[in-house]
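These are the residues of each chain, in order.
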Amino acid sequence: MKKRITAFLLGLGILLLCLLMDTRTWDPLRNQGKLTRYTATFLDVFDTRTELVGYAKTEEEFTAIAEKIKEKLMHYHRLYDIYQSYEGINNLRTINEQAGIAPVEVDTEMIDLLKFAVEMQEMTSGKVNIAMGSVLAIWHRYREHGVEDPEDARLPSLGELEEAAGHTDPKALIIDEAAGTAYLADGKMSLDVGGIGKGYAVQRTAEYIKELGMENFLLSVGGNVYAAGTKADGSHWTVGITNPDKDSREPYVETVKAEDICVVTSGDYQRYYTVDGKNYCHIIDPNTNFPAEYVSSVSIITKDSGVADALSTAVFNMPAKEGKAFIETLEGVEAMWVLKDGTLQYSSGFSVYAQ
Amino acid sequence: MKKTGKNDLLLIVVLLTGALIAGAGMWFARGTGTLDGVAVVTVDGEVYGRYPLKETWEERIELADGSYNYLVIKDGKADILEASCPDRICVNHRPIEKGNQSIVCLPNKLIVTVENGEVSQVDSQTY
């Protein structure tokens with residue numbers, strides 16, 4: 001009889017153990033505190049999707065902080081806008097409109113961005129150049145038209161591209177820190193921070209979020225991902241690198257372990273237009289004035305989101321071999337390439353982050 | 001009673017098997033999510049509709065200005081099959097089935113997300 005009871009108790013014990021392994025009782029968030037994970041999505045900043053993942057005690061608390069973050073991003077959006085003017089602020093459009101006419105008084109944050117852009121231009125030997133606005137504007141016009149009316153999609157003429165490329169010398173951008181002004185000495189030049197603006201804004205906004213007291217969060221503005229701290233349970237964030245091959249069953253080519261690090265990708269598969277069956281992406285190689293066609297995508301991992309954004313654009317404008325050699329000269333920067341045939345290539349230290 | 005009887009052994013086997021099945025069941029339920037996923041569509045921040053993923057459903061989501069997104073719920077996934085937007089990023093997007101995943105149509109300010117259900121292991125993505 002005793003044995004029967006022992007066996008019964010044993011069985012009961014195993015059942016209880018199984019019950020204990022149910023997700024609810026193991027959920028660390030439930031056990032450690034009352035923090036819940038929330039996600040806020042906005043579509044009104046930088047013409048892309050912004051996602052904020054964070055933890056808060058209540059939804060109200062999270063929404064309140066998300067609103068502040070959105071305001072901050074909107075501020076950068078207005079500042080870097082080249083298409084619209086806003087009352088009470090001088091933005092990039094103002095500087096472009098005053099090219100060859102007069103210096104424009106701007107916010108110190110604009111001065112900081114422009115200085116950073118010049119720094120990145122020098123670091124990448126001009127592979128990312130915010131003074132390329134005139135060339136980018138031509139491609140923007142043709143792309144918009146080609147997307148709206150695919151039957152009539154066309155390529156810009158070499159002549160008009162070369163004419164515009166004659167007005168892209170970053171030395172014509174005169175930053176006067178003491179006076180707080182920016183001036184384009186070449187009247188036909190214009191600025192476009194498409195290759196670095198979002199990343200720079202993410203960096204600044206992430207610093208602002210930390211000032212607000214949030215330490216563990218994930219901020220993504222159009223795929224410029226800033227992973228702050230860890231998840232609430234202490235595990236790292238996971239960032240997927242999108243597979244350029246849309247027909248593949250695998251949504252990601254790689255997943256990255258992210259903790260206090262930024263991941264940014266530049267690719268040819270999302271923003272492009274098609275002319276005679278060939279896709280032309282939105283990233284323009286300063287050397288050819290044509291869309292870069294070296295690789296499908298480049299992803300950069302580094303501490304600073306602005307640097308990550310600038311480097312992903314610059315390295316996308318280089319053949320993989322040249323890009324790899326360049327990345328290896330930089331400290332604290334890792335990169336991954338998806339080549340046109342789908343092959344993956346990694347910088348020497350990337351494996352630390354690979355999942 | 002010094003020897004374990006056949007009945008005792010049988011009882012042990014039955015109980016162990018039962019516990020294993022129960023355990024396996026819970027493990028499985030844990031893996032696939034104990035709650036059924038629901039696709040939530042928002043337009044300009046307002047909830048437009050909720051669609052259980054286990055059902056099959058097709059809907060042309062019409063917006064005030066005449067633009068539209070064609071939503072299909074099938075095989076436990078939500079997908080946009082057609083849309084009036086020129087960039088077609090939402091149409092090109094893969095179907096979604098897990099929490100943390102979303103399809104966004106920027107021109108139409110439409111977002112499809114998944115509530116409940118299994119949560120994706122990936123927290124965010126670059127593109």
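Residues numbered from 1 in each chain as written. Chains lettered and ligands numbered in written order. Predicted model: local features only at pLDDT ≥ 70, side-chain atom pairs only at ≥ 80, totals over all residues. Heavy atoms only, no water.

(A) Just the confidence of the model for chain B, in detail. Residues and elements named next belong to chain B. For chain B, the average pLDDT comes to 84, and 84% of its residues sit at 70 or higher. By mean pLDDT, the top-scoring element of chain B is strand E4 (residues 68–74) (96), and the lowest-scoring one is helix H1 (residues 6–32) (66). Across the whole predicted complex the pTM is 0.84, and at the interface the ipTM reaches 0.81. (pLDDT = per-residue confidence, 0-100. Helix = DSSP H or I, 4+ residues; strand = E, 2+ residues; numbered from the N terminus.)

(B) Structural context of the pairing of strand E5 (residues 77–83) of chain B. Residue and element names in this part refer to chain B. In terms of strand pairing, E4 meets E5 through six bridges, oriented antiparallel. Its bridge partner lying in E5, Val72 is registered against Asp79. Between the end of E4 and the start of E5, which pair antiparallel, lie two residues, with Asp75 showing a positive phi angle near 50°. (Pairing = 2+ DSSP bridges.)

(C) Molecular detail of unusual backbone geometry. Backbone geometry places Asp260 of chain A, a non-glycine residue, at a positive phi of 50°. Relative to the elements of secondary structure, Asp260 of chain A occurs in the loop between strand E9 (252–258) and strand E10 (261–267). By relative accessible area, Asp260 of chain A is classed as partly exposed at 32%. Positive phi outside glycine occurs at Arg88 of chain B, with the angle close to 55°. Examined against the element boundaries, Arg88 of chain B turns out to sit in the loop between E5 and helix H2 (89–92). (Buried < 20%, exposed > 50% of the residue type's maximum accessible area, 1.4 Å probe, protein only.)

(D) Just the nonpolar core, in detail. Judged by nonpolar contacts, the single largest core of 74 residues is most densely connected at Tyr80 and Ile95 of chain A. When sequence neighbours within four positions are dropped, the list of residues in contact with Ile95 of chain A reads Val104, Val106, Met110, Leu114, Ala182, Leu184 and Leu191 of chain A. (Core = buried A, V, L, I, M, F, W, Y, C linked by side-chain atoms within 4.5 Å. Contact = heavy atoms within 4.5 Å.)

(E) Here's a closer look at helix H4 (residues 59–80) of chain A. Residues and elements named next belong to chain A. Taking 1.5 Å per residue as the helical rise, H4 with its 22 residues ought to reach 32 Å, and the 31 Å between its terminal C-alpha atoms agrees with that figure. Within H4 the residues assigned to the buried category are Phe62, Ile65, Ala66, Ile69, Leu73, Met74, Tyr76, His77, Leu79 and Tyr80. Considering only its buried residues, H4 is in contact with strand E1 (36–45), strand E2 (48–56), helix H5 (92–97), helix H6 (108–123), helix H9 (197–211) and strand E6 (217–221). (Expected span 1.5 Å × (residues − 1).)

(F) Representation of a negative patch on the surface within the structure. All names here are of chain A. Where like charges cluster on the molecular surface, the negative patch consists of Glu144, Glu148, Asp149 and Glu151. With respect to the helices and strands, Glu144 occurs in helix H7 (residues 133–148). Judged by relative accessible area, Glu144 falls into the partly exposed class, the value being 46%. (Patch = residues over 30% accessible without salt bridge, like charges linked within 9 Å, V, L, I, M, F, W, Y side chains within 5 Å. Areas by Shrake-Rupley, 256 points an atom, 1.4 Å probe, with all protein chains shown as cover. Salt bridge = Lys/Arg side-chain N within 4 Å of Asp/Glu carboxyl O. Lys, Arg positive; Asp, Glu negative; His and termini not counted. Charge placed at Lys NZ, Arg CZ, Asp CG, Glu CD.)

(G) Region of the structure containing the sheet that holds strand E5 (residues 181–184) of chain A. Residue and element names in this part refer to chain A. If you trace the three strands from one edge of the open sheet to the other, you get E3-E5-E4, paired in antiparallel fashion. A strand with exactly one partner marks an edge of an open sheet, and here the two such strands are strand E3 (104–105) and strand E4 (173–176). Judged from the two bridges that link them, E3 and E5 form a sheet pairing that is antiparallel. Bridging from a neighbouring strand, Glu105 pairs with Thr181 of E5. Against the sheet, H6 touches E4 and E5, its axis set at about 130° to E4. (Axes fitted to C-alpha atoms, helices over the stretch in contact; angles between N-to-C directions.)

(H) Representation of the packing of aromatic side chains. Using the criterion set out here, one finds 11 aromatic pairs over all chains in the structure. Centroid distance Tyr55 of chain A to Trp237 of chain A: 6.1 Å. Interplanar angle 35°. Geometry classified as tilted. One end of the pair, Tyr55 of chain A, is in strand E2; the other, Trp237 of chain A, is in strand E8 (residues 237–242), with 182 residues separating them in the sequence. Both residues of the pair, Tyr55 of chain A and Trp237 of chain A, belong to the buried class. Considering the side-chain rings of Trp139 of chain A and Phe290 of chain A, the 5.1 Å spacing of their centres and the 75° angle between planes classify their relative orientation as edge-to-face. With a gap of 151 residues between them, Trp139 of chain A in helix H7 and Phe290 of chain A in strand E14 (residues 290–291) connect regions that are remote in the sequence. The class of Trp139 of chain A is buried, set by a relative accessible area of 1%. A network of ring pairs unites the aromatic residues Trp139, Tyr273, Tyr280 and Phe290 of chain A as a single cluster. Over the face of the ring belonging to Tyr68 of chain B we find Arg60 of chain B, whose NZ or CZ atom lies 3.9 Å from the ring centre. (Phe/Tyr/Trp six-rings, centres within 6.5 Å; stacked < 30°, edge-to-face > 60°. Lys NZ or Arg CZ within 6 Å of the ring centre and 35° of its normal.)

(I) Up close: the side chain of Lys231 of chain A. Considering the arrangement of structural elements, one finds Lys231 of chain A in the loop between strand E7 (224–228) and E8. Residue Lys231 of chain A is classed as buried on the basis of its relative accessible area of 17%. Polar contacts involving the side chain of Lys231 of chain A include one to the side chain of Asp123 of chain B, which spans 3.2 Å. Ignoring anything within four residues of it in the chain, the contact list for Lys231 of chain A reads Arg37, Tyr55, His236 and Trp237 of chain A together with Asp123 of chain B. (Polar contact = N/O pair within 3.5 Å; in protein donor to acceptor, adjacent residues only side chain to side chain.)

(J) Broad picture of the packing of H6 of chain A against helix H10 (residues 305–316) of chain A. Residue and element names in this part refer to chain A. At a closest axis distance of 11 Å, the pairing of H6 and H10 adopts a crossing angle of 45°. As summarised for this structure, H6 and H10 are arranged oblique, according to the angle between their axes. The way H6 lies across H10 gives a crossing that is right-handed. Packed against H6, whose contacting residues are Phe116, Met120 and Met123, the element H10 presents Gly306, Val307, Ala310 and Leu311 at the interface. (Parallel < 35°, antiparallel > 145°, perpendicular 65-115°, else oblique. Left-handed = near helix turned anticlockwise from the far one by under 90°.)

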